[in-house]
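Residue-level listing of the chains:
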Amino acid sequence: MSKRLMVAVALSTALASAPVQAETLRDAVEAAYLGNPTLAAARARQDGLAETPEQARAAGRITAAADGAVGYDRFDYDRGAGGTVSASLPIWTGGRVSSRLRAAEGDVAAGQEGLRDAEAALLTQVIGVYAELLYDQQAVDIGKADIALLDHQVAEAQARYRLGKATRTDVAQLEAQRASAGATLAAAQATLDSATANYRAVVGQDPGPLAPPPALGPMPATLEQARADALTANPLYQQSLRAADAAGARIQEARAGSAPTVSVGGGYGYDVRLGGVGAGSSLRAANLGLSLHIPILTGGLVASQVRQAQATQRATVFDAAAAGREATRSTDAAWAALAGARAQMAANQAGVDAANLALGGVRAEYGFDLRSTLDILVADESLRSAQLALARNRSDTIIAQAALLRATGHLDLDAIPNG
């Protein structure tokens, strides 16, 4: 194989060969999962929210307290102390505890779906910065390979000029193309530096050479399946449904404000005189009984709270309907984007293969004076553009896959393949 053909082949395979020990998308996702502060904050908030059902249950459990006091009466010159132990157990709360518990459990379920969306949002962000950085790394590699090819071509044109087989114009055209390629590479390097900073902010570590990731998935087979998945697994839609359930329970909680309550309670008290007349004497008391509380007039408070809870519940139902529509819309948009990216992938790959073959043929014909320098410049520019288009398309495909998985509620760590 000639040296010129070897250079052309190296340029065409710059995107296909992954670096040894390259960092994978799975590596980036796992690093982000461990150290991303936004996700850690979302998890901490969910941990706090998960305590609310226990707090709701506490309103129906027995409670006990101990009180003590010591004092001095300056008129009777008495000093005394006393202590009391009391306990109370709700027997009937009119539905207050059960409805409050259902509302709290609905809040926790909604929060869990929100956390799931926060994780999906982080994955989307990681995949986005990974895909952009991967493209920028490939753009720099393409630029470097292009410069290596042009350097060889300039040297060859200069040698032909010295032999009288080329003009100074031929050499100048190639030198101008080489200078333009250098400027393009400098711009690509600046973009790469910016993408590296974005990657570091999201993932939490400096990137190495990135490996092109395999396809995410599994992906829905049809658009109808994708839409069905969106309405059963989209976290934002499911969150809105759980919020509507919690709001419905709060209507019952508000109505319970007018219901009677029954509780059993008891106490034991002990008072002792420490000084003055009768010092050392004590008084003991104990009690046990049922307590009934019936709200008769609340000044319209309960009725207002019920109306407020009903209005809030209606709002959450409308929010759920809007979230369902948005889940379907985002699924349709992601499906269209992915279908377009896949179609472009085949076309761009064919374009790279054809441009690579054309450049090799033009260079071979140039050696026999059958092609001009301009033909080489055009073929070189076509190959570089085709390779950049393919690299861009590969990154867009990964981003579109992530968008579709997020819309259908399946973007999690299991959707990121190893390797």
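Right above here is the structure, for reference.
Here we summarise the structure given alongside this text. (Residues numbered from 1 in each chain as written. Predicted model: local features only at pLDDT ≥ 70, side-chain atom pairs only at ≥ 80, totals over all residues. Heavy atoms only, no water.)

### Overview of the overall build of the protein chain
Okay, step 1: In terms of regular secondary structure, the protein chain is built from ten helices and four strands.
Okay, step 2: Taken from the N to the C terminus, the helices and strands of the protein chain come in the order α-α-α-α-β-β-α-α-α-α-β-β-α-α.
Okay, step 3: Considering only C-alpha atoms, the protein chain reaches an extent of 135 × 50 × 35 Å along its principal axes.
Okay, step 4: When burial is assessed residue by residue, the protein chain has 38% of its 419 residues classed as buried.
Okay, step 5: Long-range contacts, defined here as pairs at least 24 residues apart, represent 83% of the contacts in the protein chain between residues at least 6 apart.
Okay, step 6: Accessible surface, the protein chain as shown: approximately 21,900 Å² in total, 59% of it carbon and sulfur.
Okay, step 7: Side-chain charges in the protein chain split into 37 positive and 42 negative, and the spacing between the mean points of these groups amounts to 3 Å. (Helix = DSSP H or I, 4+ residues; strand = E, 2+ residues; numbered from the N terminus. Buried < 20%, exposed > 50% of the residue type's maximum accessible area, 1.4 Å probe, protein only. Contact = heavy atoms within 4.5 Å. Areas by Shrake-Rupley, 256 points an atom, 1.4 Å probe, with all protein chains shown as cover. Lys, Arg positive; Asp, Glu negative; His and termini not counted. Charge placed at Lys NZ, Arg CZ, Asp CG, Glu CD.)

### Focus on the side chain of Thr316
Okay, step 1: Relative to the assigned elements, Thr316 resides in helix α9 (residues 301–367).
Okay, step 2: Among the polar contacts made by the side chain of Thr316, one reaches the main-chain carbonyl oxygen of Gln313 at a distance of 2.6 Å.
Okay, step 3: The contacts of Thr316, once residues within four sequence positions are left out, are Ser240, Ala243, Ala244 and Ala247. (Polar contact = N/O pair within 3.5 Å; in protein donor to acceptor, adjacent residues only side chain to side chain.)

### Points about helix α5 (residues 96–162)
Okay, step 1: When the terminal C-alpha atoms of α5 are compared, their 98 Å separation across 67 residues agrees well with the 99 Å that a helix rising 1.5 Å per residue should span.
Okay, step 2: Just past α5, the residue Gly164 takes up positive phi, approximately 80 degrees. (Expected span 1.5 Å × (residues − 1).)

### Section: the side chain of Gln137
Okay, step 1: Positionally, Gln137 belongs in helix α5.
Okay, step 2: Since its relative accessible area comes to 16%, Gln137 is described here as buried.
Okay, step 3: Within the structure, the side chain of Gln137 is placed 3.1 Å from the backbone oxygen of Gly208, a separation counted as a polar contact.
Okay, step 4: Residues within four places of Gln137 in sequence aside, it is in contact with Leu192, Gly208, Pro209 and Leu210.

### Considering the environment of Leu174
Okay, step 1: Residue placement: Leu174 occurs in helix α6 (residues 168–203).
Okay, step 2: Through-space distance from the C-alpha of Leu174 to that of Gly83 is 100 Å; in sequence the pair is 91 residues apart.
Okay, step 3: Residues within four places of Leu174 in sequence aside, it is in contact with Gln153, Val154, Ala157, Thr373 and Leu377.

### Considerations on the environment of Asp136
Okay, step 1: Among the structural elements, Asp136 can be located in helix α5.
Okay, step 2: Taking relative accessible area as the criterion, Asp136 reaches 6% and is therefore assigned buried.
Okay, step 3: Measuring from C-alpha to C-alpha, the distance between Asp136 and Arg307 comes to 57 Å, with 171 residues separating the pair along the chain.
Okay, step 4: When near neighbours in sequence (up to four residues on either side) are disregarded, Asp136 contacts Thr191, Leu192 and Ala195.

### With respect to the packing of helix α7 (residues 223–233) against helix α8 (residues 235–255)
Angle between the axes and distance between the axes: these two values describe a pair of packed helices.
Okay, step 1: Where α7 meets α8, the closest approach of the two axes is 6 Å, and the angle between their N-to-C directions is 40 degrees. The angle between the axes of α7 and α8 places the two elements in the oblique class. In contact with Ala230, Leu231, Thr232 and Ala233 of α7, α8 contributes Pro235, Tyr237 and Gln238.
Okay, step 2: In terms of residue class, the contact of α7 with α8 is made up of five nonpolar, two polar and no charged. (Axes fitted to C-alpha atoms, helices over the stretch in contact; angles between N-to-C directions. Parallel < 35°, antiparallel > 145°, perpendicular 65-115°, else oblique. Nonpolar A, V, L, I, M, F, W, Y, C, P; charged D, E, K, R; others polar.)

### Observations concerning the nonpolar core
Okay, step 1: Residues Leu25, Val126, Ile127 and Tyr199 are the most contacted members of the largest nonpolar core, which totals 40 residues.
Okay, step 2: Elements represented by at least two residues in this core include exactly α2 (25–35), α3 (37–49), α5, α6 and α10 (373–407).
Okay, step 3: The element contributing the most residues to this core is α5, with 14 residues.
Okay, step 4: In contact with Ile127, not counting residues within four places along its chain, are Leu25, Leu216, Ile398, Ala402, Leu411 and Ile416.
Okay, step 5: In this structure, Val171, Leu174, Leu359 and Val362 belong to the second largest nonpolar core, which totals 16 residues. (Core = buried A, V, L, I, M, F, W, Y, C linked by side-chain atoms within 4.5 Å.)

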